[in-house]
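What follows is each chain in one-letter form.
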Amino acid sequence: MDIKEYIESGKLENYVLGICTPEERQEAECMARIFPEVRHELESIQASMEQYILANKVEPPASVKSKIFDAIEAEEKASSKAEAKILSMPSEPRAESGMGMKLLLAASVVLALMCGYVAYNQQQKNKSLVAEINSLKDSQQELNNRFTKANEQLAVISNPNSTHIIMKGTAVSPQSVATIYWNKESKDVYIAVNSLPKPPEDKQYQLWGIVNGKPVDLGVFNILSPSDSILQKMKSVEGATTFAVTLEKAGGSSTPTLDQMYVAGNI
Amino acid sequence: MSPLKISESELILLLKQKNKSAFSELYDNYSPALYGVILRILNKDEEAAQDALQDSFVKIWKNFETYDPGKGTLFTWLLNVARNTAIDKLRTLGRHPIQSLDQNVNIEGSHYSQNVDRIGLKEIVSKMKPEHRTIIDMAYFDGFTQEEISHKLQLPLGTVKTRARTALIELRKIFN
């Protein structure tokens, strides 16, 4: 429960109205002691309740006041007699007050522990809220990144200078498809893997451009997870007539292994 | 309350030293408010209310050293003493609040509104929703527990809690 939630729970009002359980009373007193906002709220509730009580005031008969003063004077006489008795037995009251001090100390220890417990709970709650906020921040950051990437990819695809070349599967892997987005102005090359089998760990796919009948290395690429970007930027090329992908040793080869050609497409 | 002749903190200091003229001033200043509360709790039984008022002030005199200004205002402390004394008195008279309510009250507090006879209170009452006033009066003046209020008004316990809050928010608006 956070402070706002606690204030809105009605527990403070119930405390002021005297209808809370002993646990709730303890909690309210501890919360007011720990959190200034709670204390402020509690005082404000008490102030309006006191106004209401004042609106209910009734002048008591004058006789009550004199009765009270008679009673406290009688009380004083009685206690001064008791004091005189106590003076004649000095050991007993000391023991009593020692006991009283112990009880008082015990009570304050209990109170401190209880307040400590309330504070601890609140702190744990705060910690878990902070953790939650941080994880939300992280996922928001991730979504932002993906959104930015997606926009960049959309810009590549929708660029009027961009040529789309669909590379279809060869006899090695008839089901495979990959797409090249090639900007002939900037010469930038992007590949989108539509469908390629996952390569063995020691192998990587390599893209080639055929320029003047000769294969030019356009770099290796991995199969990305769906949450990553769809397009991967490859090496730039000019004057290519065909694009093809072969499966090579990890890191790539200097010449393509032609019997491991998975997809290919002409301009 | 009439304004105090001396500051509240001076009054508290003097009372802690058992100063009788400070006590006299405390009585003059706070007894009407406390008596009003006690009378309400004791269902206008004036004799019992005067006894309870007397008991309250004797307790206040005797136990004043236990008052801790750090924990709450003087008025709140005095009210607690008076309220508890009156509720105890009600019990020793064998009139537990539940019984008296069974006999006198139709649900939703019609009886509370009928007994209003002072102008200040009338104004407040006219501005407050009856169900809000009922919950404050049942809790504070009749000393019912949440469960008892829930049972009497046939409301879920959670509603009692939230209605108490709404009622006090309404009260706050009226006085501000």
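Our structure's up above, just so we're on the same page.
Everything numeric here is computed off the predicted structure, so don't read it as measured data.

Can you walk me through the interface of chain A and chain B in this structure?
It is common to give the size of an interface as the accessible area that goes away when the parts come together. Taken together, the contacts link 42 residues of chain A with 48 residues of chain B. Summing both sides of the interface, chain A and chain B together bury roughly 4,300 Å²; the carbon and sulfur share of this comes to 63%. Our enumeration of links across chain A and chain B arrives at eight salt bridges. Notably, a salt bridge pairs lysine 65 of chain A with aspartate 28 of chain B, separated by 2.7 Å at the nearest N-O pair. Viewed at the interface, chain B and chain A are joined by 19 residue pairs in polar contact (both at pLDDT 80 or more). When grouped by side-chain class, the residues that make up the side of chain A that touches chain B number 19 nonpolar, nine polar and 14 charged.

So what exactly am I meant to see when it comes to the packing of helix 8 (residues 130–141) of chain B against helix 9 (residues 146–153) of chain B here?
Two quantities define a packed helix pair, namely the angle between the helix axes and the distance between the axes. All names here are of chain B. Relative to each other, helix 8 and helix 9 sit at 135 degrees, their axes nearing to 10 Å. Here helix 8 lies oblique to helix 9, going by the angle between them. For the pair helix 8 and helix 9, the crossing hand works out as right-handed. Of the residues in helix 9, those in contact with Thr134, Ile135, Met138 and Ala139 of helix 8 are Ile149, Lys152 and Leu153. In terms of residue class, the contact of helix 8 with helix 9 is built from five nonpolar, one polar and one charged.

Sorry if this is basic, but what is going on with the packing of aromatic side chains here?
Two aromatic rings are characterised by how far apart their centres lie and by the angle between their planes. Evaluated as defined, the whole model comprises 13 aromatic pairs over all chains. Centre to centre, the rings of tyrosine 205 of chain A and phenylalanine 221 of chain A are 6.0 Å apart; their planes meet at 20 degrees, and the pair counts as stacked. In this pair, tyrosine 205 of chain A sits in strand 4 (residues 203–211) while phenylalanine 221 of chain A sits in strand 5 (residues 214–221), placing the two residues 16 residues apart along the sequence. By relative accessible area, tyrosine 205 of chain A is classed as buried at 1%. Here the aromatic cluster, defined as three or more aromatic residues joined through ring pairs, consists of Phe69 of chain A together with Phe23, Tyr27, Phe57 and Trp61 of chain B. For lysine 18 of chain B, the ring lying beneath its charged end belongs to tryptophan 61 of chain B, and the centroid distance is 5.2 Å. In this arrangement the basic side chain of arginine 40 of chain B is found over the ring face of phenylalanine 141 of chain B, its NZ or CZ atom lying 4.3 Å from the centre.

The rules we used
- Residues numbered from 1 in each chain as written.
- Chains lettered and ligands numbered in written order.
- Predicted model: local features only at pLDDT ≥ 70, side-chain atom pairs only at ≥ 80, totals over all residues.
- Heavy atoms only, no water.
- Contact = heavy atoms within 4.5 Å.
- Buried area = accessible area lost by both parts, 1.4 Å probe.
- Salt bridge = Lys/Arg side-chain N within 4 Å of Asp/Glu carboxyl O.
- Polar contact = N/O pair within 3.5 Å; in protein donor to acceptor, adjacent residues only side chain to side chain.
- Nonpolar A, V, L, I, M, F, W, Y, C, P; charged D, E, K, R; others polar.
- Axes fitted to C-alpha atoms, helices over the stretch in contact; angles between N-to-C directions.
- Helix = DSSP H or I, 4+ residues; strand = E, 2+ residues; numbered from the N terminus.
- Parallel < 35°, antiparallel > 145°, perpendicular 65-115°, else oblique.
- Left-handed = near helix turned anticlockwise from the far one by under 90°.
- Phe/Tyr/Trp six-rings, centres within 6.5 Å; stacked < 30°, edge-to-face > 60°.
- Buried < 20%, exposed > 50% of the residue type's maximum accessible area, 1.4 Å probe, protein only.
- Lys NZ or Arg CZ within 6 Å of the ring centre and 35° of its normal.

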